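The chain contents come next:
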Amino acid sequence: MPTMPAVDEAQIDFETIELLFFAYRDFVSDPDAILAKIGMGRAHHRVVYFVCRQPGMMVTDLLDTLQITKQSLARVLKQLIESGYIRQMAGAKDRRQRRLYPTLAGRELALALSEPQSRRIARAMEDLTPDARASVKDFLRSMRGRDESLEPIDSDLD
């Protein structure tokens, strides 16, 4: 076991950590239920989501977006391609490039997964002023960013 640094527990914002934990748990619960019916999981959701948001993205761009290794992506992408949700095509100018496109079924899946999440966000923000909504989005943008010194994750994305 690596040695853990000494941490002053009084400096940790446990309340916000728990709010984020439970918000995320519930935010992904609806898509998780849809995916479970077709034998897929959160890794599939992430891939189909970003491919639908950026049709024609290269596999290398997807790896960078998800900050995972090629090996981690391979199984999930293969299953999405074989199931007819994603198409992989060689680049027009550089045949070595692998570009990803959603199929109609893939787009429908991405929308079905995003719709309950969008409803949840709308409900949570319905009583907020435009400034408060902007503050929520600013907060979430500020939370982004992975420590650049960390290696890409070698897991199944979940």
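The structure under discussion appears in the preceding block.
Throughout what follows, the structure given in this document is the object of discussion.

Conventions and cut-offs
- Residues numbered from 1 in each chain as written.
- Predicted model: local features only at pLDDT ≥ 70, side-chain atom pairs only at ≥ 80, totals over all residues.
- Heavy atoms only, no water.
- Helix = DSSP H or I, 4+ residues; strand = E, 2+ residues; numbered from the N terminus.
- Buried < 20%, exposed > 50% of the residue type's maximum accessible area, 1.4 Å probe, protein only.
- Arc of directions from axis to C-beta.
- Contact = heavy atoms within 4.5 Å.
- Patch = residues over 30% accessible without salt bridge, like charges linked within 9 Å, V, L, I, M, F, W, Y side chains within 5 Å.
- Areas by Shrake-Rupley, 256 points an atom, 1.4 Å probe, with all protein chains shown as cover.
- Salt bridge = Lys/Arg side-chain N within 4 Å of Asp/Glu carboxyl O.
- Lys, Arg positive; Asp, Glu negative; His and termini not counted.
- Charge placed at Lys NZ, Arg CZ, Asp CG, Glu CD.
- Polar contact = N/O pair within 3.5 Å; in protein donor to acceptor, adjacent residues only side chain to side chain.

Notes on unusual backbone geometry
We note that Q67 has phi near 55°; this positive angle belongs to a residue other than glycine. Relative to the elements of secondary structure, Q67 occurs in the loop between helix 3 (59-66) and helix 4 (70-82). With a relative accessible area of 29%, Q67 lands in the partly exposed category.

Here we look at helix 3
One full turn of an α-helix is made of 3.6 residues, so residues set three or four places apart face in the same direction. Along helix 3, the positions that sit buried rather than exposed are V59, L62, L63 and L66. Within helix 3, the buried residues cover an arc of 100° as seen down the axis, which keeps them to one side. The outward face of helix 3, more than 90 degrees from its buried face, is lined by the exposed residues T60 and D64. The elements touched by buried residues of helix 3 are helix 2 (42-53), strand 1 (57-58), helix 4, strand 2 (86-90) and strand 3 (98-102). Q67 sits one or two residues past helix 3 and shows a positive phi near 55°.

Some remarks on a negative patch on the surface
A cluster of acidic side chains, namely D61, D64, D147 and E148, defines a negative patch on the protein surface. Within the secondary structure, D147 sits in the segment after helix 6 (130-143).

A word on the environment of R119
Note that R119 resides in helix 5 (residues 104-125). For R119, a relative accessible area of 43% translates into the label partly exposed. A polar side-chain atom of R119 sits 2.7 Å from a polar atom in the side chain of E115.

Fair warning: the whole summary comes from geometry, so function is off the table for now.
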